[in-house]
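In case you want the letters, here they are:
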Amino acid sequence: MVGNTSKTIVVAGGSLAGHTVVTELDRRGFTGEVVWVRGPEGTAPYSRPALSKELIQGKVTRDEIRLPAPKEHGLRLRIADRAVCARLDPDADRVLITRETGAGEEPSDGEWIPFDALFVCTGMRARVPQGFAGLPGVHCLRTLADAERIRERLAGRPRTVVVGAGLVGSEMAASLRSCGLPVELVVQGRLPMEPVFDAELGRFCLDQHHAHGVTTRLLTTVTGLSAAGPDGPVVLTFDDGGETTADLVVLGLGAVTACDWLRGGGLDLSDGLGCDEALRTARPNIFAAGDVANWRHPLFGRRMRVEHWSNASAQARHAVESWQAGQEGREPSAFADVPYFWSDQYGLKYQMVGHARGYDEVRVETAGAAGYPFATYFREGRVVAAAGVNAPRAVMRMKARIQSEGMTSQGAYAT
Ligand SMILES: Cc1cc2nc3c(=O)[nH]c(=O)nc-3n(C[C@H](O)[C@H](O)[C@H](O)COP(=O)(O)OP(=O)(O)OC[C@H]3O[C@@H](n4cnc5c(N)ncnc54)[C@H](O)[C@@H]3O)c2cc1C
């Protein structure tokens, strides 16, 4: 049993990290009040990875990707939907919560909520360059509403261009192609997913796109987007002087952390929200978890943010444990999980574990009956990451190896 009934905990963010903090507080027997500020989306938490996969392909509905509602065994849960944490008053340990108001409603001045602890789980929002926003036919993909807007357009069988070939862009190209649409993929680098995977797997990814009928423009940057008339197609211009038109443009240009609301609060906001190894910020009662959290990974000996689904839940559980340790006068442990992500494209499952940045050698072999590539990344002779296609066992074995070798000599992978 942790906490007591007079305590108030504010959880900022209504996706996986926030959901897991609330669930974990309840699981540990917290009996105070939890104010869960779920953000501007106005939807119950859902599986974000499904957006660019099953949801776009029409294989699941919005109800089927919803996360289960948290249990309330002992805690008192107050949910603030369509509401954001707008400001932190660090001297008084309180946050200003404002509510989005609809047409015809009085604007709200907001409400200051005092807290005993604050968990920041506000994640990221899509990066949309200035001049690319607000054009009809141009969409980014971060939220359920984004995905549903794109999905609505598919019945008209639009000619589609996906800009950006990271995880979301590559998955979107694959999913839109699976819906039978003509798809062109604009890749700024030499190969899709290359910055994540290195050349060999990037080449495999490119070959898959081509085998499934996606056309690609490599080493190309979009320099402008414009609308050819009110209902006309979108005109895309490229840095090589080329041009194309599309009915639907999906931007996969990455995301930016959503922590501007903490400005002036005396916290480290240089890249997300900076915290220590136990996910505590510069203020001992404020914790971070998920995409927004920038912490020093003890195995890799460097600061990082991890923008992956399983990291958000694992960090959220750990942040609650760190808070509880503080309540009980114990020193909290470091968050040392080996990063992991997966991506589904054309029926293949790509998986990666570890942290490849700064690797000095990559060995590629084949794995499994199909002979798909399996890459192992080394730094100074030590394995720091591994990635494979349809090779879950081999990938998970490498995860266990990186974790155990790292635990026996912490900081072993430091650059
Ligand atoms: C299309 C897509 C596909 C993905 N696929 C994969 C995948 O296959 N594998 C994988 O490992 N990862 C994948 N990811 C990444 C994964 O979804 C994220 O790592 C995960 O959602 C992070 O969860 P989070 O709770 O930290 O943040 P987020 O999911 O970003 O949620 C943050 C929440 O905070 C809310 N919020 C923002 N500002 C405020 C505020 N001021 N006050 C209150 N609330 C606020 C937001 O509205 C949002 O609900 C994918 C991401 C996207 C967008």
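Here the structure is a predicted model, which is why all the values come from computation and not from measurement. (Residues numbered from 1 in each chain as written. Predicted model: local features only at pLDDT ≥ 70, side-chain atom pairs only at ≥ 80, totals over all residues. Heavy atoms only, no water.)

Student: How would you explain the sheet that holds strand β12 (residues 215-217) if you had to name every residue and give the values?
Tutor: Neighbouring strands of a sheet are bound in pairs by backbone hydrogen bonds; such pairs are parallel or else antiparallel. Strands sit in the order β9-β16-β10-β11-β12 across an open sheet of five strands; the sheet is parallel. The sheet terminates laterally at β9 (138-140) and β12, the two strands that pair on one side only. Looking at each pair of strands side by side, their axes are set apart by 20° on average, direction ignored. As paired strands, strand β11 (residues 183-186) and β12 are joined by three bridges and run parallel to one another. Looking at the pairing, V186 lines up with R217 of β12. The strands touched by helix α3 (residues 144-154) are β9 and β16 (248-251); relative to β9, the strand with the most contacts, the crossing angle is about 140°. (Pairing = 2+ DSSP bridges. Helix = DSSP H or I, 4+ residues; strand = E, 2+ residues; numbered from the N terminus. Axes fitted to C-alpha atoms, helices over the stretch in contact; angles between N-to-C directions. Contact = heavy atoms within 4.5 Å.)

Student: Explain the pairing of strand β1 (residues 8-12) to me, and be specific about the residues and the numbers.
Tutor: Of all five residues in β1, five are buried; the element is thus mostly enclosed. A two-sided burial pattern is seen for β1, the buried positions comprising T8, V10 and A12 on one face and I9 and V11 on the other. Of the pairings in the sheet, the one linking β1 to strand β2 (residues 33-37) comprises five bridges and is parallel in character. Looking at the pairing, A12 lines up with V37 of β2. Considered for its hand, the β-α-β crossover made up of β1, helix α1 (residues 16-27) and β2 is right-handed. In the sheet, β1 pairs with strand β7 (residues 117-120) via four bridges, with the strands oriented parallel. The partner of V11 across the bridge, within β7, is F119. (Buried < 20%, exposed > 50% of the residue type's maximum accessible area, 1.4 Å probe, protein only. Right-handed = clockwise from strand over helix to strand, strands pointing away.)

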